[in-house]
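These are the residues of each chain, in order.
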Amino acid sequence: MNQKHTILDIFEETAVTHRKRLAVKDPKEEMTYGQLFEGAQRMGAEIAAFLQEDGKKTISNGYPIAILAEKSCVELTAVLATIYAGGFYVCINPEQTESRIGSILEVLEPELVIVADSERDKLAGAGYKGRKLSLDSLVDSVEAVRTSEEELEILREIRKNMKSRDPLYGIFTSGSTGTPKCVLVEQQSVMDFIGHFVEIFGFTSEDIIGNQAPFDFDVSVKDIYSAWFTGASLLLIPREYFSTPPRLLDYICDNHVTNLTWAVSALCLVSGLKGFGYRVPTELRRVMFSGEVMPAKQLRIWQENLPETCFVNLYGPSEITCNCTYYDVSHLVEKDEKLPLGQVFPGRKVLLLDDEDRVVAEPAVPGEICVMGESLAREYYHNPEQTEKHFVNYTDSTGNSQRMYRTGDLAVLGEDGQMYFAGRKDFQIKHMGHRIELEEIELRMNGLEGVNHSCCSYDSKRSRLTAYYTGEAGVATVHQALKEKLPLYMIPAKFKHVKEFRLNKNGKIDRKVLDQLEVME
């Protein structure tokens, strides 16, 4: 086997070996690996030629391209085409508000936005004035016109200069200043992590991966690249299917899905709404989950209905390329049982550090989860201050220094020597599979007409966000206005209009007594 230096080397080996095998399917269309390869290469040539014609002849590999479209076979083709064109992709979910899309594009400063025709008004509403290409027109062009020799030469030149350390994708996360942060991940990081991932969990070309996550969420990285590394098939599941468990289960069962790597909240929708009373997806080999603590009650429902299936608890933020630990749940969980984070993926090192950066070795003492080794993200794109704050050099007791990511997550060691998640060090939470800065919600609320001051809390047991605020605006008005500023997963489930906040000894809002505040009629 030839040495593989880039993601395209890996994908093309798979595409040649499994040319006629199903690569990706959505409810409207499907593509073989051969079709995906040919379509993405042609689309990549069109993108590269467009940028060169537009006066960007000296552009180097590793530039940002944003893709604003619904999850589909066509969007996946655009993702791969972006890599062929020498760029790194940032998928933007059209369900985001125009305000947030504008903030993302302001941080990213993309060379190009590829936009579905159905989303053009949303892009305009976000205030974007830069280069753009119609995704629909790109698809029509690829189907109608063969790639010219001149365009192929552009692709060859890009490929010749492509390196494993080129950026591959950007994932936007919440930011405490109100500005979202872009986690920039290199090709080598994905090659390292996915190489371990598919080997440990035994993925093969016979797998059919049921993709829940949108492409702007890094859980999708495991789905996409596990397929491209092995020749497995990727089944794209639309978001609306999750509101109707029978429809979702029919789609999974009828397409013979063997693997689910889902956010905890998505799995809980099926078990919580008694979906297994309708139909059980008995062909599932693996069910993996991450993003939040998995409720033991819901996991047990899955285990009881799928006794032969392997269940895995995954942990890790976007900044370390998907995950750094995994725990194989090989027993039937008990009520209120807490799952450990498990063992560390190869190539990584995970430490618990106290406030003095000393390694925590005693049980029940909280420490910050810090990660070193391969697959750390390159940076927060265009944000050196946050990069410097979270990606640091750590010197151990022997004097060895290594780059390290401070997750902000806390864990404790159990008496069994295992690490157990223990919340956040700051005001960031994990909700519906997303990491959210409570300060970002508060900042957006404070900017609303009729709101003087606000504070948010999160009930992890009930997975519920609550917003408290002072001012003249009514609850319905604040709720509606915030929906225009933030994605749905950041909108509090409950709003409380309070008379005033109490302050702690440091002059800050006392978050411990929020539920005791007097609520306005």
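Conventions we followed
- Residues numbered from 1 in each chain as written.
- Predicted model: local features only at pLDDT ≥ 70, side-chain atom pairs only at ≥ 80, totals over all residues.
- Heavy atoms only, no water.
- Patch = residues over 30% accessible without salt bridge, like charges linked within 9 Å, V, L, I, M, F, W, Y side chains within 5 Å.
- Areas by Shrake-Rupley, 256 points an atom, 1.4 Å probe, with all protein chains shown as cover.
- Salt bridge = Lys/Arg side-chain N within 4 Å of Asp/Glu carboxyl O.
- Lys, Arg positive; Asp, Glu negative; His and termini not counted.
- Charge placed at Lys NZ, Arg CZ, Asp CG, Glu CD.
- Helix = DSSP H or I, 4+ residues; strand = E, 2+ residues; numbered from the N terminus.
- Core = buried A, V, L, I, M, F, W, Y, C linked by side-chain atoms within 4.5 Å.
- Buried < 20%, exposed > 50% of the residue type's maximum accessible area, 1.4 Å probe, protein only.
- Contact = heavy atoms within 4.5 Å.
- Axes fitted to C-alpha atoms, helices over the stretch in contact; angles between N-to-C directions.
- Parallel < 35°, antiparallel > 145°, perpendicular 65-115°, else oblique.
- Left-handed = near helix turned anticlockwise from the far one by under 90°.
- Nonpolar A, V, L, I, M, F, W, Y, C, P; charged D, E, K, R; others polar.
- Pairing = 2+ DSSP bridges.
- Phe/Tyr/Trp six-rings, centres within 6.5 Å; stacked < 30°, edge-to-face > 60°.
- Lys NZ or Arg CZ within 6 Å of the ring centre and 35° of its normal.

Engineer: What should I look at first to understand a negative patch on the surface in this one?
Structural biologist: Among the surface-exposed residues, E29, E30, D136, D140 and E143 lie close enough to one another that they form a single negatively charged patch. Residue contributions to the negative patch peak at three residues, all from helix α6 (residues 135-144). With respect to the helices and strands, D136 occurs in helix α6.

Engineer: Got a minute to help me understand the nonpolar core in this structure?
Structural biologist: In globular proteins that are soluble, nonpolar side chains generally tend to be buried together. Core analysis: the biggest nonpolar cluster contains 91 residues, and F11, I47, L80, Y89, F201, Y225 and W228 have the highest contact counts within it. A per-element tally of this core places helix α2 (residues 33-53) first, with ten residues. The residues touching F201, leaving out its near neighbours within four places in the chain, are R286, M288, V312, L314, Y326 and F345. Formed by 31 residues, the second largest nonpolar core is a distinct cluster that contains Y251, V257, L260 and V270.

Engineer: What is the right way to look at the pattern of salt bridges in this model?
Structural biologist: Opposite charge on two side chains lets them pair, provided their charged atoms get close. Applying the stated criterion to the full structure yields 22 salt bridges. Put simply, E186 and R378 hold a salt bridge, and the shortest N to O gap is 2.9 Å. Separated by 192 residues along the polypeptide, E186 in strand β8 (residues 181-186) and R378 in the loop between β17 (367-373) and β18 (379-380) bring together distant segments of the chain. Overall, the relative accessible area of 11% leaves E186 in the buried class. Of the residues examined, R378 reaches a relative accessible area of 33% and is grouped as partly exposed. Ionic pairing is found between D254 and R279, a salt bridge with its closest N-O pair at 3.0 Å. On the criterion of sequence distance, the pair formed by D254 in helix α10 (residues 245-254) and R279 in the loop between α11 (264-272) and β12 (286-290) is long-range, its members being 25 residues apart. Judged by its relative accessible area of 29%, R279 is partly exposed. Where salt bridges share partners, they join D9, E12 and R159 into one cluster.

Engineer: Just to check I follow, could you spell out the packing of α11 against helix α12 (residues 296-305) for this structure?
Structural biologist: Axis separation between α11 and α12 bottoms out at 9 Å; the angle between their running directions is 65 degrees. On the basis of the axis angle, α11 is roughly perpendicular to α12. Pair α11 / α12 crosses with left-handed handedness. Contacts between α11 and α12 involve L267, C268, V270, S271 and G272 from the former and Q298, I301 and W302 from the latter. Within the contact of α11 with α12, the residues separate by chemical class into five nonpolar, three polar and no charged.

Engineer: I would appreciate a short explanation of the sheet that holds strand β24 (residues 451-459) in the present structure.
Structural biologist: Pairing between the strands of a sheet comes from backbone hydrogen bonds, and it takes one of two forms, parallel or antiparallel. Taken in spatial order, the three strands of this open sheet run β24-β25-β26, and their pairing is mixed. Two strands lie at the open edges of the sheet, namely β24 and β26 (494-497), each paired on one side alone. Ignoring strand direction, the axes of neighbouring strands in this sheet form an average angle of 20 degrees. In terms of strand pairing, β24 meets strand β25 (residues 464-471) through eight bridges, oriented antiparallel. Bridging from a neighbouring strand, S454 pairs with Y469 of β25. Contacts from helix α14 (residues 438-446) reach β24, β25 and β26 within the one sheet, and its direction differs from that of β24 by about 155 degrees.

Engineer: What should I look at first to understand the packing of aromatic side chains in this one?
Structural biologist: How two aromatic rings sit relative to each other is set out by the distance from centre to centre and by the angle between their planes. Tallied over the entire structure, the rule returns 19 aromatic pairs. Where F197 meets F345, the ring centres are 6.5 Å apart and the plane angle is 35 degrees; that geometry is what we call tilted. Residue F197 is found in helix α8 (residues 187-200), and its partner F345 is found in the loop between β15 (343-344) and β16 (348-353); the two are separated by 148 residues along the sequence. Each ring, one from F391 and one from Y405, has its centre 4.9 Å from the other, and the planes form 40 degrees; the classification is tilted. A residue pair is termed long-range when its members are at least 10 positions apart, and F391 in strand β19 (residues 391-395) and Y405 in strand β20 (residues 401-413) qualify at 14 residues. For Y405, a relative accessible area of 1% puts it in the buried group. Cluster of aromatic residues (ring-pair linked, three or more members): F193, F197, F201, F203, Y326 and F345. Cation over ring: K181 sits above Y380, and NZ or CZ is 4.7 Å from the ring centre.

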